[in-house]
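What the coordinates show
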Amino acid sequence: MSSAPVHPSSLSGLLLLCVDLQPAFLKAIPDAAELERRCSFVIQAAVGMKIPVMFSEQVPEKLGGTHVDLLRLAPGAAVFGKTAFSALADSGIKAAVAAQNVEHLLLCGIETSVCVHQTAVEALASGIDVTILSDCVGARRAGDASICLEALRRAGVHVLPAETVFYSLLHDTSHPFFRTYTQLVKAHA
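A quick note: this is a predicted structure, and the numbers were derived from the prediction, not measured.

**Observations concerning the sheet that holds strand E6 (residues 158-160)**
Here six strands make up an open sheet; going across it, the order is E3-E2-E1-E4-E5-E6 and the pairing parallel. Each having just a single partner strand, strand E3 (78-82) and E6 make up the two edges of the open sheet. Strand-to-strand, the axes of this sheet are offset by a mean angle of 25 degrees, without reference to chain direction. In terms of strand pairing, strand E1 (residues 14-19) meets strand E4 (residues 104-110) through six bridges, oriented parallel.

So, in structure tokens, the structure goes:
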């Protein structure tokens, strides 16, 4: 596992994994509308840069599926139901990640201190680099989230705001997606 930060040369091995962005969970998160807006931004940025997007759903038959407005932003994205807290503990998700030769996960979603945390830990243990998009994750209790993000940083996870990550991926104003991206930034500011 390398601990290199997100860099334009690594675009082919990237995957945006949106963890459990289900209305049942969003209702329990303070500032849920802001989280939904930030996740919308990052999904649109990933789709525009042709970074694959995948969604996990915690027990969707009981808790419902991913917020439909977010799903619509990534037509054709794979959606996997799961019962484990770590998305990578699910055999279907793990197989899909392996099939795409994912080297670096970008994580957004819910809940920072449970499913996002466990997914990041399992990814690291599998030799996959991880960047948690710090403004695109949510938790019921901010204190729990802060402690978990700090522990993940110490373990080697990158914890950065989405704009920082995507500007790093664009690398230069000559990137073909740059103008569209700056419009997304302004629309989601």
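**Things to note about the pairing of E4**
Looking down a regular strand, the side chains alternate between one sheet face and the other. Counting buried positions over the seven residues of E4 gives seven, a clear majority of the element. In E4, alternate side chains face the same way, and those of His104, Leu106, Cys108 and Ile110 on one face and Leu105, Leu107 and Gly109 on the other are all buried. Looking at chain direction, E4 and strand E5 (residues 129-138) are connected through six bridges and run parallel. Paired with leucine 106 across the strands is threonine 131, a residue of E5.

**Some points on helix H2 (residues 32-48)**
When the terminal C-alpha atoms of H2 are compared, their 24 Å separation across 17 residues agrees well with the 24 Å that a helix rising 1.5 Å per residue should span. The set of residues buried in H2 consists of Leu35, Arg38, Cys39, Ser40, Phe41, Val42, Ile43, Ala45 and Ala46. A positive backbone phi angle near 60 degrees is found at lysine 50, which sits one or two residues after H2.

**Quick look at helix H8 (residues 162-170)**
An α-helix turns once every 3.6 residues. As a result, residues three or four positions apart point the same way. Those residues of H8 lying buried are Ala162, Val165, Phe166, Leu169 and Leu170. Around the axis of H8, the buried residues are gathered within 135 degrees of arc, so they sit on the same side. The inward-facing, buried residues of H8 abut E1, H2, E4, E5, E6 and helix H9 (178-187). Downstream of H8 by a residue or two, histidine 171 has a phi angle that is positive, lying close to 70 degrees.

**Observations concerning the packing of aromatic side chains**
Here the structure, examined in full by the defined rule, presents four aromatic pairs. Ring centres of phenylalanine 41 and tyrosine 181 lie 5.8 Å apart, and the angle between their planes is 45 degrees; this geometry places the pair in the tilted category. Of this pair, phenylalanine 41 sits in helix H2 while tyrosine 181 sits in helix H9; the two residues are 140 residues apart in sequence, bridging distant segments of the chain. Centroid distance phenylalanine 166 to tyrosine 181: 6.3 Å. Interplanar angle 25 degrees. Geometry classified as stacked. Of the two residues, phenylalanine 166 sits in helix H8 while tyrosine 181 sits in helix H9, which places them 15 residues apart along the sequence. A network of ring pairs unites the aromatic residues Phe41, Phe166, Tyr167, Phe177 and Tyr181 as a single cluster.

The rules behind the values
- Residues numbered from 1 in each chain as written.
- Predicted model: local features only at pLDDT ≥ 70, side-chain atom pairs only at ≥ 80, totals over all residues.
- Heavy atoms only, no water.
- Pairing = 2+ DSSP bridges.
- Helix = DSSP H or I, 4+ residues; strand = E, 2+ residues; numbered from the N terminus.
- Axes fitted to C-alpha atoms, helices over the stretch in contact; angles between N-to-C directions.
- Buried < 20%, exposed > 50% of the residue type's maximum accessible area, 1.4 Å probe, protein only.
- Expected span 1.5 Å × (residues − 1).
- Arc of directions from axis to C-beta.
- Contact = heavy atoms within 4.5 Å.
- Phe/Tyr/Trp six-rings, centres within 6.5 Å; stacked < 30°, edge-to-face > 60°.

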